[in-house]
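Summary of structural features
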Amino acid sequence: QVHIVESGGGLVQPGGSLKLSCSASGFTFSDTVMSWYRQAPGKERELVATITSGGGTTYADSMKGRSAVSRVNAKNTVYLQMNSLKPEDTAVYYCNAPIVGGVMFSWGQGTQVTVSS
């Protein structure tokens, strides 16, 4: 049974930083491309960053230069370091495994990130 748990969100002031974690189990994590997504109130869920099994990374334009996705396969965990946070980064952040046309697994609970003074 696949289990994905996101954590590390919280309230942060503009310009601040957060590091999100995503712990996964129930599949061969080390062989799986993983992505971070976010969904802001009233908006559709969007892709934020992706990391391949080999560690290659890509980012949405909105997060380029301000974030870093990483993974530790021995811990079945993927991370998202976010810096210079803006109010528009406020959203619930999720991780999942991307596939053509969607994602591989059911969505977890996500972790709330709120950027506000």
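Here the structure is shown first, and the text comes after it.
Residues numbered from 1 in each chain as written. Predicted model: local features only at pLDDT ≥ 70, side-chain atom pairs only at ≥ 80, totals over all residues. Heavy atoms only, no water.

Here's the deal with the state of the cysteines
- Tallied over the entire structure, the rule returns 1 disulfide.
- Each sulfur of the disulfide joining C22 and C95 lies 1.7 Å from the other. Linking C22 and C95, the disulfide has an S-S dihedral of approximately 45 degrees and is accordingly described as right-handed. Residue C22 is found in strand β3 (residues 18–25), and its partner C95 is found in strand β9 (residues 91–96); the two are separated by 73 residues along the sequence. (Disulfide = S-S within 2.5 Å. Helix = DSSP H or I, 4+ residues; strand = E, 2+ residues; numbered from the N terminus.)

Thoughts on the pattern of salt bridges
- Within this structure, the stated rule accounts for 4 salt bridges.
- A salt bridge links R38 to D89, with the shortest nitrogen-to-oxygen separation between them at 2.9 Å. Of this pair, R38 sits in strand β4 (residues 34–39) while D89 sits in the loop between β8 (77–82) and β9; the two residues are 51 residues apart in sequence, bridging distant segments of the chain. For the pair shown, R38 and D89 are each scored as buried.
- The partner of R66 in a salt bridge is D89, with the nearest N and O atoms 2.8 Å apart. In this pair, R66 sits in the loop between β6 (57–59) and β7 (67–72) while D89 sits in the loop between β8 and β9, placing the two residues 23 residues apart along the sequence.
- Judged by relative accessible area, which is 10%, R66 ranks as buried.
- Residue classification places D89 among the buried positions, given a relative accessible area of 1%. (Salt bridge = Lys/Arg side-chain N within 4 Å of Asp/Glu carboxyl O. Buried < 20%, exposed > 50% of the residue type's maximum accessible area, 1.4 Å probe, protein only.)

Points about the environment of Y93
- If you trace the backbone, Y93 turns up in strand β9.
- For the pair Y93 and C22, spaced 71 residues apart in the sequence, the C-alpha separation amounts to 9.9 Å.
- Filtering out sequence-adjacent residues up to four positions away, Y93 remains in contact with E6, L20, W36, Y37, R38, V48, L80, M82, G110, T111 and V113.
- In terms of polar contacts, Y93 uses its side chain to reach the side chain of R38, at 3.0 Å. (Contact = heavy atoms within 4.5 Å. Polar contact = N/O pair within 3.5 Å; in protein donor to acceptor, adjacent residues only side chain to side chain.)

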